[in-house]
Amino acid sequence: LEKILEVEPDNIAARYSLLMVAVRKNDYVEAVRICEPAIQYNPEELSFYYYLGISYFQVGRNDDALAVLQKGVAQVTPQSDKKLMSDFYTFIGDLLHTANRMTECYEAYDSALVYNPDNIGVLNNYAYFLSLTRENLDKAEEMSYRTVKAEPKNDTYLDTYAWILFEKGRYTEARIYIDEAMKNGGENSATIVEHCGDIYYRLGLKDEALAFWKQAAAMEH
């Protein structure tokens, strides 16, 4: 494959095959080496931008990851794969969240949902981030409910929904969903256990709340 690329550097099939070998080995330094020339030789091939973004992220080059993903979305055409475009904007949103650029993060998530309205990961993250700043809670609740409906046993999605209900002061409902989260693996997450304590406290169950808080604190050390 290396020999093919020496002779024919714009051979998409050879470069992609070589890239998949590196990705399977989790060798992201190698993946960067393979992908960087790809976006020069095959600028219309969106998957190379996506994998280069992932590879930059994996080696700690977040700014480069964001830049190459934004360069990739500039190549979009009406024929572009909608799921891939949703994944692009999801990743862009996640990187912007890491950089605490929340307005741009939400714009990227909105774009991800335009391309794939059923992008469950985006719906959950978007809803949870809104709940943390207590803004637009009605939108957050609507998005989060869709994730719980799609995956009713997912402890992360159940926790997000419970927390939004908590922030809206609907503590009895919140307890139903946090209990479900705990039953479905949430007892292994310090965040979920802590949320459980907060919800129980608001319901006047102070002893149970204290036990959950102590459990969460022990898990964090």
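Structure: above.
Cut-offs used in this document
- Residues numbered from 1 in each chain as written.
- Predicted model: local features only at pLDDT ≥ 70, side-chain atom pairs only at ≥ 80, totals over all residues.
- Heavy atoms only, no water.
- Axes fitted to C-alpha atoms, helices over the stretch in contact; angles between N-to-C directions.
- Helix = DSSP H or I, 4+ residues; strand = E, 2+ residues; numbered from the N terminus.
- Parallel < 35°, antiparallel > 145°, perpendicular 65-115°, else oblique.
- Left-handed = near helix turned anticlockwise from the far one by under 90°.
- Contact = heavy atoms within 4.5 Å.
- Nonpolar A, V, L, I, M, F, W, Y, C, P; charged D, E, K, R; others polar.
- Buried < 20%, exposed > 50% of the residue type's maximum accessible area, 1.4 Å probe, protein only.
- Polar contact = N/O pair within 3.5 Å; in protein donor to acceptor, adjacent residues only side chain to side chain.
- Core = buried A, V, L, I, M, F, W, Y, C linked by side-chain atoms within 4.5 Å.
- Phe/Tyr/Trp six-rings, centres within 6.5 Å; stacked < 30°, edge-to-face > 60°.

Peer 1: Quick rundown of the packing of helix α8 (residues 120–132) against helix α10 (residues 155–167)? Include the residues and the values.
Peer 2: Interaxial distance between α8 and α10 falls to 10 Å at its minimum, and their mutual angle equals 30°. As judged from the angle between their axes, α8 and α10 are roughly parallel. For the element pair α8 and α10, the recorded crossing hand is left-handed. Residues I120, G121, N124, A127, Y128, S131 and L132 of α8 lie in contact with α10, whose contacting residues are T156, Y157, T160, W163, I164 and E167. Residues belonging to the contact of α8 with α10 are distributed by class as follows: 7 nonpolar, 5 polar and 1 charged.

Peer 1: Tell me what's going on with the side chain of S55, and back it up with residues and numbers.
Peer 2: For S55, the location among the structural elements is in helix α4 (residues 46–58). Take S55: its relative accessible area is 1%, and that puts it in the buried class. Looking at S55, its side chain comes within polar contact range of the main-chain oxygen of Y51, at 2.7 Å. Beyond its immediate sequence surroundings of up to four residues, S55 is in contact with Y28, A31 and V32.

Peer 1: An account of the nonpolar core is needed here, citing residue identities and associated values.
Peer 2: Counting residues in each nonpolar core, the largest one holds 71 residues, and the members touching the most others are L19, F88, I92 and Y106. For I92, the residues in contact, after removing those within four places along its chain, are L66, L69, Q70, V73 and A108.

Peer 1: Any chance you could break down the packing of aromatic side chains for me, citing the residues and the numbers?
Peer 2: A complete count under the given rule lists 16 aromatic pairs for this structure. On the numbers, 5.1 Å between centres and 10° between planes, the contact of Y106 with Y126 is stacked. Here Y126 lies in helix α8 and Y106 lies in helix α7 (residues 102–115), a separation of 20 residues in the sequence. Y126 carries the same exposure label as Y106, and that label is buried. Look at Y161 and Y177: their rings are 4.7 Å apart centre to centre, the planes differ by 90°, and that puts the pair in the edge-to-face class. Highlighted residues: Y161 in helix α10 and Y177 in helix α11 (residues 171–183), separated in sequence by 16 residues. By relative accessible area, which is 5% here, Y161 ends up buried. Aromatic ring contacts, followed pair by pair, group Y16, F48, Y50, Y51, F57, F88 and F91 into a single cluster.

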